[in-house]
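# Geometric and topological summary
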Amino acid sequence: MKHLIKEIKSTAKDLLARKGRSFLTILGIVIGVAGVIIIMSLGAGAQSLVLGQITKLGTDMVGVLPGKSNDSGPPAAVFGVQIKTLTNHDAETLRDKGKVPYATAVASFVSGNVTIVSGKESVDTSFVATDGTYPKVQNVEIEKGQFFTEEEGSAGDNVIVLGYDVATALFPNGNEIGQVVKIKIPNNNPALVKQDVGSIPFRVVGVQKKMGTVAFQNQDDQVFIPLKIGQRQLLGIDYLQFIRIKVDNTENVKTTMEDVRRVLREEHHITDVNNDDFSVRDLADVIKILTNITDTLKIFLGLMAGISLLVGGIGIMNIMLVNVSERTREIGLRKAIGATRRNIRNQFLFESIILTMVGGVVGILFGVLVSYLIALGARLAGYDWAFIISPFAIILAVLVSVSIGIIFGLYPALKAAKLDPINALRYE
């Protein structure tokens, strides 16, 4: 053991004598290890952001989308494909407590982009056309006025609830309630465009509290109007893009999903479950899908970062081969005075291991620091980004760096150990 410690000390002294070359050798490992730590931390932080945004919607929710999908992927409607299989009648049927007993509220949705005008002010924003039951489903908080009632929604009254940012832009003085705003007819409703109906007036009945981003949708940069107006007058459609159902208890979510499937199959006259023209999902399904996607991305990015470690290992091998070449006479002299092949091999192998271990430790510290700064910057920018450093990533980075030191240092060490002492002493 004492002899081994002596060899390690001697190796460390040799490395300190060549600080410049040692630093450049270590740098490749530092970058590789730091890259692994940073990328895996970014992957975990991004995953926490995605899942956090989804869970803000609540775990007692069931969503229905048009179009069939498999259990591991989203329906086509998510990608903007227009599917017309979900209707207002479907939503009304799902409100029947006899058919879906655990549903406490059902809200239908269509959405799009519009321009809203108030006097000289105008705002390009998105609209959500929904029912008066929306607040019961989404837990909407109103700062001024109120959300339009179920009666106003059913009648298709020209009423509107403004998101916080929209209200601030249109009414800087804050006197929104009771004011009239106009929504310009979008070009995707040719029927009204031909009739030269330039805009539709709406009476402001409420302003939503500032909510920020939920499920990657800026809740403050949107407006809410009755479903009928959104369908007929803005979009010119008679189908739904989405139905969301509030369940009385999270324990009843799976049962409610089965009830919804059964009801919609009856309504759509579907006898074979493989022919479903709708998708029923809860947040657990969404979270599972997103987790699978983000986990795959983390693994892929980790492998990409691992390539830089491989490059660093090759760099160490090249440097060690140069060391062997430059120190051939030294090797011959050591052998001539009694050094064994094992001594020579250990000397160069220890050099490689020490370089990679030092690079690994510095890389971990640097990677953690950069990951923390990125997470801090993201949080200051308003994103719910968690600072996550996986112990697995640190252990993996250390093991890989040491393994690289052994694997890529072994060949130069063996080459040095096999040198003939007489030829080595004659080497110029």
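Parameters at a glance
- Residues numbered from 1 in each chain as written.
- Predicted model: local features only at pLDDT ≥ 70, side-chain atom pairs only at ≥ 80, totals over all residues.
- Heavy atoms only, no water.
- Patch = residues over 30% accessible without salt bridge, like charges linked within 9 Å, V, L, I, M, F, W, Y side chains within 5 Å.
- Areas by Shrake-Rupley, 256 points an atom, 1.4 Å probe, with all protein chains shown as cover.
- Salt bridge = Lys/Arg side-chain N within 4 Å of Asp/Glu carboxyl O.
- Helix = DSSP H or I, 4+ residues; strand = E, 2+ residues; numbered from the N terminus.
- Buried < 20%, exposed > 50% of the residue type's maximum accessible area, 1.4 Å probe, protein only.
- Contact = heavy atoms within 4.5 Å.

What follows is about a nonpolar patch on the surface. A surface patch of nonpolar side chains, amounting to about 640 Å² of accessible area, comprises Ile293, Leu297, Phe300, Leu301, Met304, Ile307 and Val311. The residue Leu301 is located in helix α10 (residues 283-326) in this model.

Positive phi, normally seen in glycine, also occurs at His269, with a value near 55°. Locating His269 in the fold gives a position in the loop between α9 (253-267) and β12 (278-282). His269 sits in the exposed class, given a relative accessible area of 72%.

Moving on, we get to the pattern of salt bridges. Scanning the entire structure with this criterion turns up 11 salt bridges. We note a salt bridge from Asp276 to Arg265, for which the minimum N-O separation is 2.8 Å. With Asp276 in the loop between α9 and β12 and Arg265 in helix α9, this residue pair connects regions lying 11 residues apart in the sequence. The two residues Asp276 and Arg265 agree in class, both being buried. One connected set of salt bridges, linked through shared partners, spans Glu92, Arg95 and Asp131.

Take helix α8 (residues 227-235) next. Leu227, Ile229, Gly230, Gln231, Leu234 and Leu235 are the residues of α8 that are buried. Buried residues along α8 sit against α3 (88-94), β2 (103-118), β3 (121-130), β6 (180-184), β7 (199-208) and β10 (222-226). Gly236 occupies a position one or two residues after α8 and carries a positive phi of about 65°.

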